[in-house]
Structures are given as structure tokens and as C-alpha cells.
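# Results of the structural survey
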Amino acid sequence: MANKIYYLASCDTCRKIIKSLPKDNNLVFHDIKQDPITVEELEEMYALSGSYEALFSKKAQLYKSMGLKDKNLTEADFKKYILEHYTFLSRPVFIIDGGIFIGNTQQNMLKVMKALEK
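This structure is a prediction, so every number in the text was calculated from the model and none was measured.

## Focus: the pairing of strand S3 (residues 93-96)
The two faces of S3 match: Val93 and Ile95 on one face and Phe94 and Ile96 on the other face are all buried. Here three bridges tie strand S1 (residues 4-7) to S3, and the two strands are oriented antiparallel to one another. Counted as the bridge partner of Ile5 is Phe94 from S3. Taken together, the four bridges between S3 and strand S4 (residues 99-102) define a ladder with antiparallel strand orientation. Paired with Phe94 across the strands is Phe101, a residue of S4. Hairpin connection between S3 and S4: a loop of two residues separates the two successive antiparallel strands, and Asp97 in this loop has a positive phi of roughly 50°.

Okay, structure coming up:
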């Protein structure tokens, strides 16, 4: 299985992170707006993370505008919303050597850089 990054090309944070990656990173780049994630890809992420909620971005503007923060969402809801609209995927998502790294926290990015060094 190829190492991958799921990202949004229009996201400044994603662009900054991509620029900071080692040049020989051997990642397959997947822009989730141009090429929406499939059920199979999301299920692969779920298998690695153990939770759709972990993959779900509560920072998405739609999360607030749709009133989702006031609802009690289930794992099935998180999955449905991620598949419905790309902004609900917490980004970037890296899959490296069978491990998953979700989001753009500094701690997460340090782990990504370490994983890419191998």
C-alpha cells in the first residue's frame, strides 16, 4: 500500500505542511476536493484510526452552520458527513507505513516527519 496524504489544495495550512515535507517523501498526493474520497478510502482510514469521529473536523464551517455541534452525532453520522462533503475530513490525513496521522497539530506533524525519515 502506497503512503498517502489526503489534503485540500486550497487550504493554506495544507500547502504550508506540504512545502515543509522532505523532497523525497514518496507520498501519493490526494486532493479531496478534486478527487473526493471513496467509501473504501474512508473505511481504510477508519480501520487505522478506529473512529470516524477522529477523522471528522469539528472546525469545519459547515459543522457550525448546519447546527451539527448541537446534535449528538454517531459514528454513522460522522462517516456520512465526511463522505457528503470534503470539508468534514480533518486534514491533512497521512497514511505512512500502515500508520495514520490525522490533522495539523505540531505534535502530529513531528510524528509525520519522523515516519517519513524511515
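## Examining the sheet that holds S3
The strand order across the open sheet formed by four strands is S2-S1-S3-S4, and the pairing between neighbours is mixed. Each of the sheet's edge strands pairs with one partner strand only, and the pair in question is strand S2 (28-31) and S4. For this sheet, the mean inter-axis angle between neighbouring strands, taken without regard to orientation, is 15°.

## Here's the deal with the packing of aromatic side chains
For any pair of aromatic rings, geometry is given as the distance between the ring centres together with the angle between the planes. Counted according to the given criterion, the structure contains six aromatic pairs. Ring centres of Phe56 and Tyr63 lie 5.6 Å apart, and the angle between their planes is 70°; this geometry places the pair in the edge-to-face category. According to the relative accessible area criterion, Tyr63 is buried, its value standing at 10%. Taken together, Phe56, Tyr63, Phe78, Tyr81 and Phe88 form an aromatic cluster joined through their ring pairs. The cationic tip of Lys80 hangs over the ring face of Tyr81; the distance from NZ or CZ to the ring centre is 4.4 Å.

## Describing helix H6 (residues 106-117)
Three- or four-residue spacings in an α-helix give side chains the same orientation, since the helix completes a turn every 3.6 residues. For H6, spanning twelve residues, the distance from its first C-alpha to its last is 17 Å, which sits close to the expected 16 Å at 1.5 Å a residue. Taken as a whole, H6 has its buried residues at Asn108, Met109, Val112, Ala115 and Leu116. An end-on view of H6 places all buried positions within 120° of arc, on one side of the element. Among the exposed residues of H6, those pointing more than 90 degrees away from its buried face are Gln106, Gln107, Leu110, Lys114 and Glu117. If you follow the buried residues of H6, they end up packed against helix H1 (12-20), S3 and S4.

Criteria and thresholds
- Residues numbered from 1 in each chain as written.
- Predicted model: local features only at pLDDT ≥ 70, side-chain atom pairs only at ≥ 80, totals over all residues.
- Heavy atoms only, no water.
- Buried < 20%, exposed > 50% of the residue type's maximum accessible area, 1.4 Å probe, protein only.
- Helix = DSSP H or I, 4+ residues; strand = E, 2+ residues; numbered from the N terminus.
- Pairing = 2+ DSSP bridges.
- Axes fitted to C-alpha atoms, helices over the stretch in contact; angles between N-to-C directions.
- Phe/Tyr/Trp six-rings, centres within 6.5 Å; stacked < 30°, edge-to-face > 60°.
- Lys NZ or Arg CZ within 6 Å of the ring centre and 35° of its normal.
- Expected span 1.5 Å × (residues − 1).
- Arc of directions from axis to C-beta.
- Contact = heavy atoms within 4.5 Å.

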